[in-house]
Amino acid sequence: MSVKFLSLLFAITLCITSCSSSRSELHVYNWTYYIPEEILKAFEKETKIRLVYDVYTTNEEMYAKLKAGGDGYDVVFPSGDYVSILASQNMLSPLEHARLPNLTNLNPVILSKIRHDPKMRFSIPFVLGSSLIAVNTRLYPDFEPSWRLFLKPELLQRTTMLDDMREILGAALKSLGYSVNSTNEQELAAAKQVVLTWKNNILKFDTETFAKSFTAGALFAAHCYPENIVQEYDSRRIDTDVAFFIPREGGPMYVDNMCILAKSTRSSEAHAFINYLLRPEVYAKIIQRLRLPSINKNAEQYITNTPVYSLDSLSNSEFIHDVGSAIISYNRIWQEIIIGK
């Protein structure tokens, strides 16, 4: 066999391997805990697409990384307000609904309430929910289901709140009877004072380690995303030892979405992944693990446990929306809170 022929054969093999690799890989950037590992492995086995999977804990963290160049991500899971921001900055790719036949499984009543991208041009709803408060009822059995919990002197340094600007300022605004999306400077100033009062009583703002601290009994209560605690806590004890509640005043509500980034070169794989997650039996496994309400109407037949809160309990809550130029005031106030001004 000639050297020339061997060189040609090597070049062809290299090309095939390279092309195959580019077609069979997908880079996903998602919230911590959102998709069980067995679901990711099942997708890889079925589709032969290798997933490169990274996680984040806040929208701000995700956005900062993408603006800095990211690591070649294809699919991200931003909340509704960040869908608006990413789309306005031409960072998202329009979706091809013909490649997403499982879209028909989504609950049309829920879809009708979504304002940030009502035609789902850039985003497909994945999870609808709310941050809430978890209480260890063994340690603190009698509690008020209100944001006032974070003012209780007996809970000094025994609680945490999320390190998330829109969640915290939204909670403070709602506790005062204002909109979580207020752009009124006086209302924002009043919310700042509420948060500073909370800050004096809580242990810290924490989005990364609160679940482990709560599970270990170091916290009496935590403002949280419940799925984090659900994943860490003993499933045999969580229903007897933990009370989850959305404060009676209401609070911020979110829709986390599946989006394809404009820079992605793996559109086919990205659409396949989104469509897979919308499959009823797959979505049911995800939502059952998270114990969140389902927005996939055809998944409900496969769900055997009870979510930690119902969609009806969100009646006093509001979706977080993009507040436009007022985000400058939010950022300033949040920085003043963090540094103690």
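You'll find the structure just up there.
So, here is what we can say about the structure in this document. (Residues numbered from 1 in each chain as written. Predicted model: local features only at pLDDT ≥ 70, side-chain atom pairs only at ≥ 80, totals over all residues. Heavy atoms only, no water.)

1. Description of the overall build of the protein chain
Then, number 1: Of regular secondary structure, the protein chain possesses 13 helices and 11 strands.
Then, number 2: A compact globule built from 341 residues should have a C-alpha radius of gyration of about 20 Å, and the protein chain, at 22 Å, falls within 12% of that.
Then, number 3: If one aligns the C-alpha atoms of the protein chain with their principal axes, the spans along those axes are about 85 × 45 × 40 Å.
Then, number 4: Per-residue burial over the protein chain gives 52% buried out of 341 residues. (Helix = DSSP H or I, 4+ residues; strand = E, 2+ residues; numbered from the N terminus. Rg over C-alpha atoms; globule rule 2.2 N^0.38 Å. Buried < 20%, exposed > 50% of the residue type's maximum accessible area, 1.4 Å probe, protein only.)

2. Looking at the environment of Ala64
Then, number 1: Residue placement: Ala64 occurs in helix α3 (residues 59-67).
Then, number 2: Judged by its relative accessible area of 45%, Ala64 falls in the partly exposed class.
Then, number 3: The spacing of Ala64 and Thr32 is 32 residues in sequence and 17 Å in space, taken between C-alpha atoms.

3. Looking at α3
Then, number 1: Taken together, the buried positions of α3 are occupied by Asn59, Met62, Tyr63 and Leu66. Considered in projection along α3, the buried side chains sweep an arc of 95° and stay on one side of the axis.
Then, number 2: Two residues or fewer after α3 comes Gly69, characterised by a positive phi angle close to 115°. (Arc of directions from axis to C-beta.)

4. Focus on the packing of helix α2 (residues 37-47) against helix α11 (residues 267-277)
Then, number 1: Where α2 contacts α11, the axes come no closer than 11 Å and their chain directions differ by 125°. Viewed along their axes, α2 and α11 adopt a mutual orientation that is oblique. Seen along the crossing, α2 lies across α11 with a hand that is right-handed. Of the residues in α11, those in contact with Ile39, Leu40, Ala42, Phe43 and Glu46 of α2 are Glu269, Ala272, Phe273, Tyr276 and Leu277.
Then, number 2: Its residues assigned to classes, the contact of α2 with α11 comprises 8 nonpolar, no polar and 2 charged. (Axes fitted to C-alpha atoms, helices over the stretch in contact; angles between N-to-C directions. Parallel < 35°, antiparallel > 145°, perpendicular 65-115°, else oblique. Left-handed = near helix turned anticlockwise from the far one by under 90°. Contact = heavy atoms within 4.5 Å. Nonpolar A, V, L, I, M, F, W, Y, C, P; charged D, E, K, R; others polar.)

5. A short note on the sheet that holds strand β8 (residues 221-224)
Then, number 1: Sheet architecture is open: 5 strands sit in the order β7-β6-β8-β5-β9, paired in mixed fashion. Two strands bound the open sheet, and with one partner strand each, they are β7 (204-205) and β9 (242-245).
Then, number 2: Looking at chain direction, strand β5 (residues 132-136) and β8 are connected through 4 bridges and run antiparallel. Considered in β8, the bridge of Leu132 is made with Cys224. (Pairing = 2+ DSSP bridges.)

6. Overview of the environment of Ile168
Then, number 1: Along the chain, Ile168 falls in helix α6 (residues 165-175).
Then, number 2: The class of Ile168 is buried, set by a relative accessible area of 0%.
Then, number 3: For Ile168 and Ala284, which are 116 residues apart along the polypeptide, the C-alpha to C-alpha distance reads 30 Å.
Then, number 4: Residues within four places of Ile168 in sequence aside, it is in contact with Met161, Leu162, Val195, Trp198, Phe205, His223 and Trp334.

7. So, the pattern of salt bridges
Then, number 1: Applying the stated criterion to the full structure yields 18 salt bridges.
Then, number 2: Between Asp241 and Arg237 there is a salt bridge whose closest N-O contact spans 3.0 Å.
Then, number 3: Each of Glu25, Arg50, Asp74 and Arg266 takes part in salt bridges that share partners, so that together they form one network. (Salt bridge = Lys/Arg side-chain N within 4 Å of Asp/Glu carboxyl O.)

8. Considering the packing of aromatic side chains
Then, number 1: Under the defined criterion, the tally for this structure stands at 19 aromatic pairs.
Then, number 2: Look at Phe126 and Tyr283: their rings are 6.0 Å apart centre to centre, the planes differ by 90°, and that puts the pair in the edge-to-face class. With Phe126 in strand β4 (residues 124-130) and Tyr283 in helix α12 (residues 280-290), this pair connects stretches of sequence that are 157 residues apart. Residue Phe126 shares its accessibility class with Tyr283, and that shared class is buried.
Then, number 3: Within the aromatic cluster, the residues linked to one another by ring pairs are Tyr29, Trp31, Tyr34, Tyr56, Tyr73, Phe77, Phe126, Tyr225, Tyr254 and Tyr283.
Then, number 4: Directly above the aromatic system of Tyr330 lies the positively charged group of Arg166, at a separation of 5.0 Å from the ring centroid. (Phe/Tyr/Trp six-rings, centres within 6.5 Å; stacked < 30°, edge-to-face > 60°. Lys NZ or Arg CZ within 6 Å of the ring centre and 35° of its normal.)

9. A word on the side chain of Asp74
Then, number 1: Along the chain, Asp74 falls in the loop between α3 and β3 (75-76).
Then, number 2: According to the relative accessible area criterion, Asp74 is buried, its value standing at 1%.
Then, number 3: Side-chain polar atoms of Asp74 contact the side chain of Ser264, separated by 2.7 Å.
Then, number 4: In contact with Asp74, other than residues within four places in its own chain, are Leu26, His27, Cys259, Ile260, Leu261, Ser264, Thr265 and Arg266. (Polar contact = N/O pair within 3.5 Å; in protein donor to acceptor, adjacent residues only side chain to side chain.)

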